[in-house]
Amino acid sequence: MNDNYPQPFQIAVYRIVQELLTNAVKHSGASQVWVQCSEEDGKFFISVEDNGRGFDARNDLFEKEGIGLSNIRNRVEILNGQFDIDATLGRGASFHIQLDIYG
């Protein structure tokens, strides 16, 4: 990975990962959380996965998405990125983000 990202980009990535980890600790009941970041061709990838209780992504998020996930979505949108959630009740959750490093 590059060690010279624009400062606003670095702050956004930090806040996104911070919020995903906070959510895992507060809500998932997970015993393990995995975080992976990588870069390729001007794209930055973030994956956060846990082995917690999971949730029904189709129904739960539309009914009660909190400010944390809303903030993540906004940060990803500002960086022209994509945000995908893969969660199943009782089987953990995975959050995958792809960001355009230079806007």
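The sections below set out a description of the structure shown in this document.

## Let's talk about the overall build of the protein
The helix and strand tally for the protein stands at three helices and four strands. Moving toward the C terminus, one meets the helices and strands of the protein in the order α-β-β-α-α-β-β. Sequence-distant contacts, at least 24 apart, represent 59% of the contacts inside the protein between residues at least 6 apart.

## What to know about the side chain of serine 47
Mapped onto the secondary structure, serine 47 falls in strand β2 (residues 43–50). There is a polar contact of 3.0 Å between the side chain of serine 47 and the side chain of histidine 96. Excluding its chain neighbours within four sequence positions, the residues that come into contact with serine 47 are Trp34, Val35, Gln36, Phe95 and His96.

## Section: the sheet that holds β2
Spatially, the four strands line up as an open sheet ordered β1-β2-β4-β3, and their pairing is antiparallel. Both edges of this open sheet fall to β1 (33–40) and β3 (82–87), since each of them pairs with a single strand only. Averaged over all adjacent pairs, the angle separating strand axes in this sheet is 10 degrees, with direction ignored. Here β1 runs beside β2; their pairing, made up of eight bridges, is antiparallel.

## Let's talk about the nonpolar core
Counting residues in hydrophobic clusters, the biggest one holds 22 residues, and the most contacted among them are Phe9, Ile16, Phe44, Ile46, Ile72, Ile97 and Leu99. Going through the elements one at a time, α1 (7–28), β2, α3 (67–78), β3 and β4 (93–100) are the ones with two or more residues in this core. No other element matches the six residues that α1 contributes to this core.

## Examining the environment of asparagine 2
On the secondary structure map, asparagine 2 appears in the segment before α1. The partly exposed category is assigned to asparagine 2, whose relative accessible area is 26%. For the pair asparagine 2 and phenylalanine 44, spaced 42 residues apart in sequence, the C-alpha to C-alpha distance is 9.9 Å. Residue contacts for asparagine 2: discarding those within four places in its chain leaves Glu39 and Tyr102.

## Topic: α1
An ideal rise of 1.5 Å per residue puts 32 Å on 22 residues; α1 measures up with 31 Å between its terminal C-alpha atoms. Looking only at α1, the buried set comprises Phe9, Ala12, Val13, Ile16, Val17, Leu20, Asn23, Ala24 and Ser28. Relative to the axis of α1, the buried residues are bounded by an arc of 125 degrees and lie together on one face. Turned more than 90 degrees away from the buried face of α1 sit Gln7, Pro8, Tyr14, Val25 and Lys26, all of them exposed. On its buried face, α1 is in contact with β1, β2, α3 and β4.

Basis of the calculations
Residues numbered from 1 in each chain as written. Predicted model: local features only at pLDDT ≥ 70, side-chain atom pairs only at ≥ 80, totals over all residues. Heavy atoms only, no water. Helix = DSSP H or I, 4+ residues; strand = E, 2+ residues; numbered from the N terminus. Contact = heavy atoms within 4.5 Å. Polar contact = N/O pair within 3.5 Å; in protein donor to acceptor, adjacent residues only side chain to side chain. Pairing = 2+ DSSP bridges. Axes fitted to C-alpha atoms, helices over the stretch in contact; angles between N-to-C directions. Core = buried A, V, L, I, M, F, W, Y, C linked by side-chain atoms within 4.5 Å. Buried < 20%, exposed > 50% of the residue type's maximum accessible area, 1.4 Å probe, protein only. Expected span 1.5 Å × (residues − 1). Arc of directions from axis to C-beta.

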